[in-house]
Amino acid sequence: MRTLTTLTGNSQKLDGGAMFGNAPKALWQRWMSADELNRIDLGCRALLVQEDERNILVETGIGAFFSPELKQRFGVQEDRHVLLDSLAAAGLSDADIDIVVLTHLHFDHAGGLLAAWQEGQPPRLLFPNARFITGRRQWQRARQPHARDRASYIPEMLDLLENSGRLLLIDETDHCDQLGPDWRLHWSDGHTPGQLLPEVAMPGGPVVFPGDLIPGAPWVHLPITMGYDRFPEGLIEEKEALLSDLFARGGRLVFTHDPDVAMGRVTRDEKGRYGLDEAAKTTHLLAT
């Protein structure tokens, strides 16, 4: 039996212009409204996959590791570690997770690996029984970041991961033995080198967690990219390839940053424009 459940993590408010790249506000405000500081609401959603007596978590969100000053700078809204609350609601703790799959290592996707900030205390790694899986090229990028994204990584967290002895770096193949035959891996360089996009086989069509290749429902539109993306033109080509493949196979996407839409099925109209159907705010799928 396999179940898929989307889990809410900490939320953020970030500049809408940065999140929508070169799209004008007159366009993107149709999808997301901005506050007086031009910030839009963003989620940090994780995906819990329970199968074969294993608990696999895809991403951990931003968590609550920031000091109060940095929490304010990056618009983190809650003081507590919300993902731990969501795991508890599912009857689990971080100690029950067997594998954590990290699409990439930017702090808003991997920061939830760390315990909540406490004054005078060093960073502490959660998930004591989990193996951590991420792409080898993304790890290399994190260890030797470009000036463009150096601030997106947490050096102390990388040290903790490496010293845990439970970090698995994988090369860019379609499958991973540790995940099993019902998992397929996609790869993307447009946002950051070696981003890993896991796919899980489910009745009714595969489910892909596209990370920051497609962070939310508005970004399903091909021309829409983020200002944070390393290579926007290449990202659009990668996005088109993934959407075309999923449309042909009846696939669905789980969105990490969309505050309202957790998952949707890929559609394409007569003009070739991609969209979503069956959009859901929360998701719980069951396969027998």
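This one's a predicted model, so the numbers in the text were calculated from it and none came from an experiment. Along every chain, residues carry numbers that run from 1 in the direction the sequence is written. In view of the model being predicted, local features appear only for residues whose pLDDT reaches at least 70, and side-chain atom pairs are presented and counted only at 80 or more, with totals across whole chains, interfaces and linings using the full set of residues. Computation of side-chain values: all heavy atoms of the structure, hydrogens and water removed.

1. Considerations on the side chain of Asp149
Part 1: Here Asp149 shows up in the loop between helix 6 (136-143) and helix 7 (155-164).
Part 2: For Asp149, a relative accessible area of 7% puts it in the buried group.
Part 3: Any pair of N or O atoms that falls within 3.5 Å is considered a polar contact. Within protein, one atom must be able to donate a hydrogen and the other to accept it, and sequence-neighbouring residues count only if both atoms are side-chain atoms. Polar side-chain contacts of Asp149 include one of 2.9 Å to the side chain of Arg141.
Part 4: Filtering out sequence-adjacent residues up to four positions away, Asp149 remains in contact with His106, Arg141 and Thr192. A run of H or I in DSSP counts as a helix once it spans at least four residues, and a run of E counts as a strand once it spans at least two, with each numbered from the N terminus. For the exposure calls, accessible area comes from a 1.4 Å probe over protein chains only, and a residue counts as buried if that area is under 20% of its type's maximum, exposed if over 50%, partly exposed in between. Here, two residues are considered to be in contact whenever any of their heavy atoms come within 4.5 Å of each other.

2. A few points about the side chain of Asp212
Part 1: Along the chain, Asp212 turns up in the loop between strand 11 (207-208) and helix 8 (232-249).
Part 2: Notably, Asp212 is buried but unbridged: the nearest opposite-charge side chain belongs to Arg45, and the N-O separation is 11 Å.
Part 3: Here His104 takes part through its side chain, which lies 3.3 Å from a polar atom of the side chain of Asp212.
Part 4: Engagement of the side chain of Asp212 in a polar contact is seen with the side chain of His191, the distance being 3.0 Å. For the charge count, each Lys or Arg is scored as positive and each Asp or Glu as negative, with His and the chain ends excluded. Between Lys or Arg on one side and Asp or Glu on the other, a salt bridge is scored when a side-chain nitrogen of the former is within 4 Å of a carboxyl oxygen of the latter.

3. Concerning the layout of surface pockets
Part 1: Grid points spaced at 1 Å over the protein atoms alone were grouped into cavities, where a 1.4 Å probe fits but cannot get out, and pockets, open sets with protein on both sides within 12 Å along at least five of seven lines, with lining residues defined by an atom within 4 Å of a point. Grid points are joined across faces, edges and corners, and a volume is the space filled by probe spheres set on the points. Within this model, the largest pocket holds a volume of roughly 440 Å³.
Part 2: Residue assignment for the lining of the largest pocket shows that the elements contributing at least two residues are helix 3 (68-73) and helix 7.
Part 3: Residue composition of the lining of the largest pocket, by class: 15 nonpolar, three polar and three charged.
Part 4: Of the volumes computed, that of the second largest pocket is approximately 380 Å³.
Part 5: As for the second largest pocket, its lining consists of 19 residues, and the residues nearest its centre are His106, Phe107, Asp108, Ser152 and Tyr228.
Part 6: Listing elements by their share of the lining of the second largest pocket, those giving two or more residues are strand 2 (12-15) and helix 5 (107-110).
Part 7: Any residue outside Ala, Val, Leu, Ile, Met, Phe, Trp, Tyr, Cys, Pro, Asp, Glu, Lys and Arg is labelled polar, Gly included; the first ten of those are nonpolar and the last four are charged. Taken together, the residues of the lining of the second largest pocket sort by class into eight nonpolar, six polar and five charged.

4. Things to note about the UniProt feature "domain: Metallo-beta-lactamase" (unreviewed entry) in the chain
Part 1: UniProt positions are given in the numbering used here, feature names are shortened, and annotations may be inferred rather than shown by experiment. Here the UniProt-annotated "domain: Metallo-beta-lactamase" (unreviewed entry) positions come out as residues 43-257.
Part 2: Secondary structure content for residues 43-257 is 25% helix and 19% strand, and the end C-alpha separation is 4 Å.

5. Let's talk about the environment of Thr256
Part 1: Counting through the fold element by element, Thr256 comes out in the loop between strand 12 (252-254) and strand 13 (263-268).
Part 2: The exposure class of Thr256 is buried, given its relative accessible area of 0%.
Part 3: Linking Thr256 and Ala217, residues 39 residues apart in sequence, is a C-alpha distance of 9.9 Å.
Part 4: Looking at Thr256, its side chain comes within polar contact range of the side chain of Glu59, at 3.2 Å.

6. Remarks on unusual backbone geometry
Part 1: Even without being a glycine, Asn38 presents a positive backbone phi close to 70°.
Part 2: Mapped onto the elements, Asn38 comes out in the loop between helix 2 (25-28) and strand 3 (39-42).
Part 3: A positive phi is found at Glu278, a non-glycine position, where the angle reads about 55°.

7. Notes on the pattern of salt bridges
Part 1: Enumeration over the complete set of coordinates arrives at 20 salt bridges.
Part 2: As a salt-bridge pair, Arg39 and Asp35 come within 3.0 Å of each other at their nearest N and O atoms.
Part 3: Take Arg39: its relative accessible area is 22%, and that puts it in the partly exposed class.
Part 4: Salt-bridge contacts for Glu162 lead to Arg143; the nearest nitrogen and oxygen are separated by 2.6 Å. You can see Glu162 sitting in helix 7 and its partner Arg143 sitting in helix 6, a full 19 residues away along the chain.
Part 5: By relative accessible area, which is 46% here, Glu162 ends up partly exposed.
Part 6: Relative accessible area serves as the criterion here: at 31%, Arg143 is assigned to the partly exposed category.
Part 7: Here the salt bridges share partners, and the residues they tie into one network are Arg2, Glu51, Arg54 and Asp182.

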